Amino acid sequence: MAARALTRGLLGLRHSRTVTLTYSSGHHYATATSVESPQPQVDEYTDKILNQPLQKPDFFRVSELFSLKDLFDARVHLGHKKGCRHRLMEPYLYGCRLNHDIIDLDQTVEHLQLALNFTAHVAYRGGIILFVSRRRQFSHLVECTAKDCEEYAHTRYWQGGLLTNANIQYGSGVRLPDLIIFLSTLNNVFQQHVGIRDAAKMNIPTVGVVDSNCNPSLVTYPIPGNDDTPVTMELYCRLFKMTINRAKDKRKQMEILHGLSAPSTPSSWHE
Amino acid sequence: MAASCVRTVGSLLGKCGNCSSNINTVTSQLSRRQICVSTALLKKNLAAAGPEKFTVEFIQKQVEEFDIGKRHLANMMGEDPENFTQEDIDRSIAYLFPSGLFEKKARPLMKLIFFPLHEAVQWGADGRPFHFLFYTGKQSYYSLMHELYGKILNIEKHQDRLRAKGLFSQDAKAIALDTSRWFTKEELEVLLVETISSHNYDRFIQLIERLLSMPYGNMEEEFVLQYRRPLEAQSKKQSVPVPERDDKGVAFSTSDGRRKTSNSSVVLRDGGSGRITVNGQEYLQYFPVLQDREQLMFPLQFVDLLGRFDLECTVSGGGRSSQAGALRLAISRALLSFLSEGEQETMRQAGLLTPDPRVRERKKPGQEGARRKFTWKKR
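Scoring rules and cut-offs
- Along each chain, numbering runs from 1 in the same order as the chain's sequence is written.
- Numbering of ligands from 1 and lettering of chains from A proceed in the order in which they are written.
- In view of the model being predicted, local features appear only for residues whose pLDDT reaches at least 70, and side-chain atom pairs are presented and counted only at 80 or more, with totals across whole chains, interfaces and linings using the full set of residues.
- With hydrogens and water set aside, each side-chain value is computed from the structure's full complement of heavy atoms.
- UniProt positions are given in the numbering used here, feature names are shortened, and annotations may be inferred rather than shown by experiment.
- Each helix corresponds to a stretch of at least 4 residues labelled H or I by DSSP, and each strand to a stretch of at least 2 residues labelled E; elements are numbered beginning at the N terminus.
- The classification of residues rests on relative accessible area computed with a 1.4 Å probe and restricted to protein chains. Under 20% of the type maximum is buried, over 50% is exposed, and intermediate values are partly exposed.
- Reported accessibility uses the Shrake-Rupley method at a 1.4 Å probe radius. Residues are deemed covered only where the shown protein chains occlude them.
- Every axis in this analysis is a line fitted to C-alpha atoms, fitted for helices over the stretch in contact. Angles between the N-to-C directions lie between 0 and 180 degrees.
- The sense of a crossing depends on the near helix, which, turned anticlockwise from the far helix by less than a right angle, makes the crossing left-handed and, turned clockwise, makes it right-handed.
- Any pair of residues with heavy atoms lying within 4.5 Å of one another is described as a contacting pair.
- Lys, Arg, Asp and Glu make up the charged group, whereas Ala, Val, Leu, Ile, Met, Phe, Trp, Tyr, Cys and Pro make up the nonpolar group; the residues left over, Gly among them, are polar.
- When two components associate, each loses some accessible surface as probed by a 1.4 Å sphere; the sum of these losses over both components is called the buried area.
- Salt bridges are defined by distance alone: a side-chain nitrogen of Lys or Arg within 4 Å of a carboxyl oxygen of Asp or Glu.
- As used in this structure description, the phrase polar contact means that two N or O atoms lie within 3.5 Å; if the pair is within protein, one of them must be able to donate a hydrogen and the other to accept it, and residues adjacent in sequence are counted only when both atoms belong to side chains.
- In predicted models, pLDDT denotes the confidence assigned by the predictor to each residue on a 0 to 100 scale.
- Here the word oblique covers every angle except those under 35 degrees (roughly parallel), over 145 (roughly antiparallel) and from 65 to 115 (roughly perpendicular).
- Whether two strands pair comes down to DSSP finding at least two bridges between them.
- The rule is short: rings of Phe, Tyr and Trp, with Trp giving its six-membered ring, pair when the centres are within 6.5 Å, and they are stacked under 30 degrees, edge-to-face over 60, tilted in between.
- Throughout this description, the term nonpolar core refers to a set of buried Ala, Val, Leu, Ile, Met, Phe, Trp, Tyr and Cys residues connected via side-chain atoms within 4.5 Å.
- The crossover handedness rule: strands pointing away from the viewer, path from first strand over the helix to second strand clockwise, crossover right-handed.
- How far a helix is expected to stretch is found by multiplying one less than its residue total by 1.5 Å.
- This arc describes the spread of directions from the helix axis toward the C-beta atoms.

The name given to chain B in an unreviewed UniProt entry is Small ribosomal subunit protein uS9m, with the source organism recorded as Acanthochromis polyacanthus.

As annotated in an unreviewed UniProt entry, chain A carries the name Small ribosomal subunit protein uS2m and comes from Acanthochromis polyacanthus. Its UniProt record, at the heading Function (unreviewed entry), says of chain A: "Required for mitoribosome formation and stability, and mitochondrial translation." UniProt lists a comment for chain A under the heading Subcellular location (unreviewed entry), and it reads "Mitochondrion".

In terms of regular secondary structure, chain A is built from eight helices and eight strands. For chain A, the residues scored as buried account for 49% of the 271 residues in total. For chain A, the exposed area adds up to about 13,200 Å²; of that, 53% sits on carbon and sulfur atoms.

All names here are of chain B. At a minimum axis separation of 11 Å, helix 5 (residues 56-76) and helix 6 (residues 86-96) run at an interaxial angle of 60°. Judged by the twist between their axes, the crossing of helix 5 over helix 6 is left-handed. Between helix 5 and helix 6, the contacting residues are F66, K70 and L73 on the first element and Q86, I89, S92, I93 and L96 on the second. Tallied by class, the residues present in the contact of helix 5 with helix 6 amount to five nonpolar, two polar and one charged.

So, on to the interface of chain B and chain A. At the junction of the two partners, chain B supplies 22 residues and chain A supplies 29 residues. The largest per-residue losses of area from chain B upon contact with chain A belong to B:R128, B:F132 and B:Y135, which jointly make up 38% of the total buried on that side. The interface formed by chain B and chain A includes one salt bridge. Its salt-bridge partner being A:E151, residue B:R128 comes within 3.0 Å of it at the nearest N-O pair. Where chain B meets chain A, there are twelve residue pairs in polar contact (both at pLDDT 80 or more). The greatest single-element share of the side of chain B that touches chain A, amounting to six residues, is contributed by helix 7 (residues 139-165) of chain B. Here the side of chain B that touches chain A is composed, by residue class, of eleven nonpolar, six polar and five charged.

This part takes up the pattern of salt bridges. Scanning the entire structure with this criterion turns up 30 salt bridges over all chains. B:D356 serves as the salt-bridge partner of B:R259, at 3.4 Å between the closest nitrogen and oxygen. Here B:R259 is found in strand 4 (residues 251-259), whereas its partner B:D356 is found in the segment after helix 14 (341-350), with 97 residues between them in sequence. Note that B:R358 and B:D356 form a salt bridge whose closest N and O atoms lie 2.9 Å from each other. We classify B:R358 as exposed; its relative accessible area is 54%. By sharing partners, the salt bridges in this structure join A:R135, A:D227 and A:D228 into a single network.

Moving on: the confidence of the model for chain A. All names here are of chain A. Across chain A, the average pLDDT comes to 84, with 80% of residues at or above 70. Here residues 1-31 is a poorly scored stretch, pLDDT under 50, and it has 47 contacts once near neighbours within four places are set aside; other chains count. Predicted confidence for residues 264-268 stays below pLDDT 50, and this span has eight contacts to residues more than four positions away or in other chains.

As a further point, take the packing of helix 7 of chain B against helix 9 (residues 198-213) of chain B. All names here are of chain B. Orientation of helix 7 relative to helix 9, taken along the N-to-C sense of each, is 20°, at an axis distance of 10 Å. One way to sum up the angle between helix 7 and helix 9 is to call them roughly parallel. The handedness of the crossing between helix 7 and helix 9 comes out as left-handed. Seen from helix 7, the contacting residues are Y141, L144, M145, L148, Y149, K151, I152, I155 and E156; seen from helix 9, they are N200, Y201, R203, F204, L207, I208, R210 and L211. Residue classes in the contact of helix 7 with helix 9 are distributed as twelve nonpolar, one polar and four charged.

With that settled, the discussion passes to the pairing of strand 5 (residues 262-269) of chain B. All names here are of chain B. As defined by bridge partners, strand 4 adjoins strand 5 across eight bridges and the pair is classed as antiparallel. The residue bridging F252 from the neighbouring strand is R269, located in strand 5. In sequence, strand 4 turns back onto strand 5 through a hairpin of two residues, with K260 there showing a positive phi of about 50°. Note that strand 5 and strand 8 (residues 310-316) share seven bridges and pair antiparallel. From the neighbouring strand, L268 faces strand 8, where its bridge partner is L311.

This paragraph deals with the packing of aromatic side chains. All told, the structure shown has 16 aromatic pairs over all chains when counted by the stated rule. The interplanar angle of 90° and the centroid separation of 6.0 Å between the aromatic rings of A:Y170 and B:Y135 together place this pair among those described as edge-to-face. Pair noted here: A:Y170 is in helix 6 (residues 166-170) and B:Y135 is in the loop between helix 6 and helix 7, and the two residues belong to different chains. A:Y170 sits in the buried class, given a relative accessible area of 14%.

A:I129, A:F131, A:L183, A:V207, A:F240, B:F204 and B:Y227 are the most contacted members of the largest nonpolar core, which has 71 residues in total. If near-sequence neighbours (up to four positions away) are discounted, A:L183 is found in contact with A:F131, A:V132, A:S133, A:V142, A:V209, A:D227, A:M233, A:Y236, A:C237 and A:F240. Residues B:L305, B:L327, B:A330 and B:L335 belong to the second largest nonpolar core, which totals 27 residues.

Here we take up the pairing of strand 7 (residues 206-210) of chain A. Residue and element names in this part refer to chain A. Most of strand 7 is tucked away: five of the five residues are buried. Of the two faces of strand 7, the one holding T206, G208 and V210 and the one holding V207 and V209 are both buried throughout. Sheet topology note: the strand 6 (residues 179-182)/strand 7 ladder contains three bridges and is parallel. If you follow F182 over to strand 7, its bridge partner there is G208. Regarding topology, helix 7 (residues 194-201) serves as the crossover connection from strand 6 to the parallel strand 7, and that connection is right-handed. Where strand 7 and strand 8 (residues 221-224) come together, four bridges link them in parallel fashion. Each residue of the ladder has a partner; that of V209, found in strand 8, is I223.

This brings us to helix 9 of chain B. Residue and element names in this part refer to chain B. Its 16 residues give helix 9 an end-to-end C-alpha distance of 22 Å, which sits within 8% of 22 Å, the value for a rise of 1.5 Å per residue. Residues N200, Y201, F204, I205, L207, I208, L211 and L212 constitute the buried set of helix 9. The buried side chains of helix 9 occupy one side of the element, clustering within an arc of 165° when seen end-on. Next to the buried residues of helix 9 lie helix 7, strand 1 (180-182), helix 8 (185-192) and helix 10 (221-225).

A word on the environment of B:P98. Counting through the fold element by element, B:P98 comes out in the loop between helix 6 and helix 7. The spatial distance from the C-alpha of B:P98 to the C-alpha of B:P108 is 8.5 Å, given a sequence separation of ten residues.

This is the structure in structure tokens:
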């Protein structure tokens, strides 16, 4: 929880750098509902477009995209066997039936809503979203999802310095992802994916589907749920695609509505 | 940066497009002190500015500057600026900047060389990369694999649909694969403009073989053929000498042969009785040794046409045996025009058409001969 508030604050800081150069100090979110700007004159663009979604708790109405029954039909509640259980996942489990862990879908609904809401806000502000999964069966599905939302995917071998050594690997002035979505937090040898630790090092918020054998501690917005069934993965991909597209369309709508456009790029995101 | 370097030489040449050409032309034999000074200054500036970003606008600007420089050069040489081709440019530069350097690539050059677009910046003004697989590091390779797998899934879906309708047939035609080979790893790297590991290459070949192994794999034929290089057939390389007819209507063919330091030329005439003339003399007189005469006759004996042809040979250089070998090669080559495809192939497999590459190996210092060392003395 503390990690979440911290990253929210950091996101606010990072976001503030992309705003026009008229004022130097950025926003700090205290709560999601009220935003205080230190300057008396607020930039019209910031007020109408950036602040307005923050007034309501579920501005993008992501809770309407799914219901508990949908999750149950997609077998999200099925975990692994009792022997594979991770100690830190015990709060998220409903129980254990014939040695199979059952994930509590009430908690999943809350966590999924928070994660989708966060994704929508990031997509609304034009952030880079990176989908990561190391499961070979769903690699093509994840890449297609990313292509459909015009975001990015990485379902291949993770080279060590992709996030931490980015300036040398890609060239200087590269922009790192603003959100990383892990559709499976484990890699092919059932160890935690390196990307979780690297994202935490680089202060990049993460959304991750954690199964009953995963470690949810470093993930900013964990979603306790199954990550092994094709039906479940298709559900997640569909949900993420819908939220991101919805957020981007909303952004275009708001810009047309208020007749404003984004300020000219200050290119201050690569400090 | 590079443009300002040339402004000092601007009075002479105008703006040359390529950076490398600038440095080359400037360090030419027109040693004017201000040019040397300006390049020294500029080298410091270049280091401070950092690597140039080869964006599309930059490339276009360089192309325009190159065209202007080309027109200036044409005016200087007194030629038509409209029809000034690259060969004219090379000729003019060689005339204006004569260089005695042996390494051709070190000489002054005025040419537009387009490096692969990998050097270009991969993201837009807002920082978002263009390609959806940018963060993998090897975007073109992985997008190729993604595309291939997508095609495999499509073919499987198509097969399932046909099976459901009952129209699935196993005897779909296979693509002809004997006349071509897969791209090598180096060729694939050139195509993708990226380095890939050998493991990646193996995976790529496995995936594309899997695509072809499916019954309806021939649907993606043209896509697959993009990644195959046609093999050059061995026997087609042999250029068969054209048989001509002389005044009396006799068909004859001429060909040459070489062995060690001997050169020979043979005219093979049809409708003769099997007489062989070497350098004006009878072959029995020129080659007293049986072994040499056997060498001459072997090609004809191999195809059972001993008594049909008249041979008129000329040979020079080398010794007795090498002259015989040169003549044998020349006779075999001349015979090709009178034979069918199958007989040509048998001759090639018998080794009659292969020139012998063995030449005398040079003597090395510190040794008595090419291989023989001096006698080793223990003390």
